[in-house]
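# Structural description and commentary
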Amino acid sequence: MWRKSLLKLCCYTVALLSFTAAFSQVADKKATTETRNLYKNLKKLQKKGVMFGHQDALAYGVGWQYQEGRNDVKEITGELPAVFGWDVAGLEKGSSVNIDSVPFDKMREYIKLVYDKGLVNTISWHLDNPLNGKTAWDETSGSVASILPGALKNELYNSWLDKLASFMLSLEGSDGKLIPILFRPYHELTGNWFWWGNKHCTPDEFKQLWQYTFNYFNNKGVHNLIYVYNTSDFNSTEEFLEKYPGDSFADMVSFDAYDYKGPAEGNPFAKSLNEKLTMLEAVAKKHQKLAALAETGYEAIPYSEWWTESLWKAIGNHQISYVLLWRNFGYQPSTGRQHFYAPHSGHVSEKDFLKFYNLDKTLFEKEVSKFNLYK
Ligand code: BMA
């Protein structure tokens, strides 16, 4: 009798373990060991705190460009961010530099440096419109439909994916392993400003595009990607998930949100960010996915307490893997504005940023590299 019960118990345990294992697996069934480890470890780390990320952070900052060892956040805190964002727009056209003039050869070196330190790389793609050659901000409806199998621009799109695939496969760490990347294509999909955006394709077309891209990379042997689904604004979980390609095609759910107004009138940014994070967390929990605030910031940070009074008030009670601040370009002649989102030494929000940095639950270079994310 006791033998039978023991057998039953064993069966239950095995079933439970495989159920849990299935949930902690990356969408790409052939993902490399390092990619699988990263995913599994990010899930653990998400329970400890939120990693701080910054776009293009090793390439340039406010008042400097391509100076080895420099980084705006490190010059304030003594530590690098934990997550580094890169954008590969331009790669599809065979350009040697990206949309913001970062040479791809340098980007590859930075990505390696980040991986060698045990930190995290994420890639977005502001790709041109394959239908008409205009920029990512072109709003021609029907563009998504034009690159699906059998449609006019499918071959062209394939040739772009080939270029991206070779780039992904050229990312190698000092240990000779392929570097895992949090890949966030077709971002801010609920907005209307990109050709893949909300009004410009149907949910079905968008899902087809995502699944096609996923399968294409898979067939090309690209197995170092963790797929990040990303929206801009949304008012409900249904709206957030309207174009979600399915649990077998995504690993992380995320959105982008920027502050344009500051703390006046009840801090609308913090209030709405907090509400959206509550919805995001619910989605992440239900679908057993990682969660992130994939882009945020208040351009030039005119509010000196923004880090603790706005950002942290909104995110502090939520479980998210990382928060990424957009790029520190500096003065942008095309807009006549200062374009930066993380502080630099001497900035009015420096003191407050140090408070944010010192919080137990904000994670930077040291804590994250100790975590051995790829092992
Ligand atoms: C935008 C701005 C642009 C940039 C683009 C792609 O939000 O920062 O200046 O070209 O992202 O990185």
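Scroll up a little and you will see the structure.
These numbers were taken from a predicted model, which means no experiment stands behind them.

The rules behind each value
Residues numbered from 1 in each chain as written. Predicted model: local features only at pLDDT ≥ 70, side-chain atom pairs only at ≥ 80, totals over all residues. Heavy atoms only, no water. Helix = DSSP H or I, 4+ residues; strand = E, 2+ residues; numbered from the N terminus. Rg over C-alpha atoms; globule rule 2.2 N^0.38 Å. Buried < 20%, exposed > 50% of the residue type's maximum accessible area, 1.4 Å probe, protein only. Areas by Shrake-Rupley, 256 points an atom, 1.4 Å probe, with all protein chains shown as cover. Lys, Arg positive; Asp, Glu negative; His and termini not counted. Charge placed at Lys NZ, Arg CZ, Asp CG, Glu CD. Core = buried A, V, L, I, M, F, W, Y, C linked by side-chain atoms within 4.5 Å. Phe/Tyr/Trp six-rings, centres within 6.5 Å; stacked < 30°, edge-to-face > 60°. Axes fitted to C-alpha atoms, helices over the stretch in contact; angles between N-to-C directions. Parallel < 35°, antiparallel > 145°, perpendicular 65-115°, else oblique. Left-handed = near helix turned anticlockwise from the far one by under 90°. Contact = heavy atoms within 4.5 Å. Nonpolar A, V, L, I, M, F, W, Y, C, P; charged D, E, K, R; others polar. Expected span 1.5 Å × (residues − 1). Arc of directions from axis to C-beta.

## Remarks on the overall build of the chain
For the chain, the count of helices and strands is 12 helices and 13 strands. Over its C-alpha atoms the chain spans a radius of gyration of 21 Å, differing by no more than 12% from the 21 Å that the globule rule assigns to 375 residues. Each of the 375 residues in the chain was classed as buried or not, and the buried ones make up 56%. Carbon and sulfur atoms make up 53% of the accessible area of the chain, which amounts to about 16200 Å² in all. With 42 positive and 43 negative side-chain charges, the chain shows a separation of 8 Å between the mean positions of the two kinds.

## Quick word on the nonpolar core
Judged by nonpolar contacts, the single largest core of 121 residues is most densely connected at Met51, Trp125, Phe183, Leu273 and Ile315. With eight residues, the single largest contributor to this core is helix α9 (residues 268-287).

## With respect to unusual backbone geometry
In this structure, Tyr186 takes a positive phi of about 50 degrees despite not being glycine. Residue classification places Tyr186 among the buried positions, given a relative accessible area of 1%. At Glu188, a residue that is not glycine, the phi angle is positive and equals roughly 50 degrees. For Glu188, the position within the fold is in the loop between β6 (181-184) and α7 (203-219).

## Overview of the packing of aromatic side chains
This model, assessed by the stated rule, comprises 38 aromatic pairs. Between Trp210 and Tyr229, the ring centres sit 6.2 Å apart and the planes meet at 65 degrees, which makes this aromatic pair edge-to-face. Pair noted here: Trp210 is in helix α7 and Tyr229 is in strand β7 (residues 225-231), with a separation of 19 residues, a long-range link. Taking the relative accessible area as the measure of exposure, Trp210 reaches 3% and is therefore buried. The class of Tyr229 is buried, set by a relative accessible area of 0%.

## Section: the packing of α9 against helix α10 (residues 306-315)
Orientation of α9 relative to α10, taken along the N-to-C sense of each, is 25 degrees, at an axis distance of 7 Å. The orientation of α9 relative to α10 falls into the category roughly parallel. Along this stretch, α9 crosses α10, giving a crossing that reads as right-handed. Here Phe269, Ala270, Leu273, Asn274 and Leu277 of α9 come into contact with α10, specifically with Trp306, Ser310, Leu311, Ala314 and Ile315. Of the residues in the contact of α9 with α10, the class split is eight nonpolar, two polar and no charged.

## Quick notes on helix α4 (residues 104-116)
For α4, built from 13 residues, the straight-helix expectation of 18 Å at 1.5 Å per residue is met to within 8% by its first-to-last C-alpha distance of 18 Å. Residues of α4 that are buried: Phe104, Met107, Tyr110, Ile111, Val114 and Tyr115. The arc enclosing the buried residues of α4, seen along the axis, measures out at 135 degrees, which places them on a common side. Residues of α4 that are exposed and point more than 90 degrees away from the buried face comprise Asp105 and Glu109.

That is the geometry; function is a separate question.
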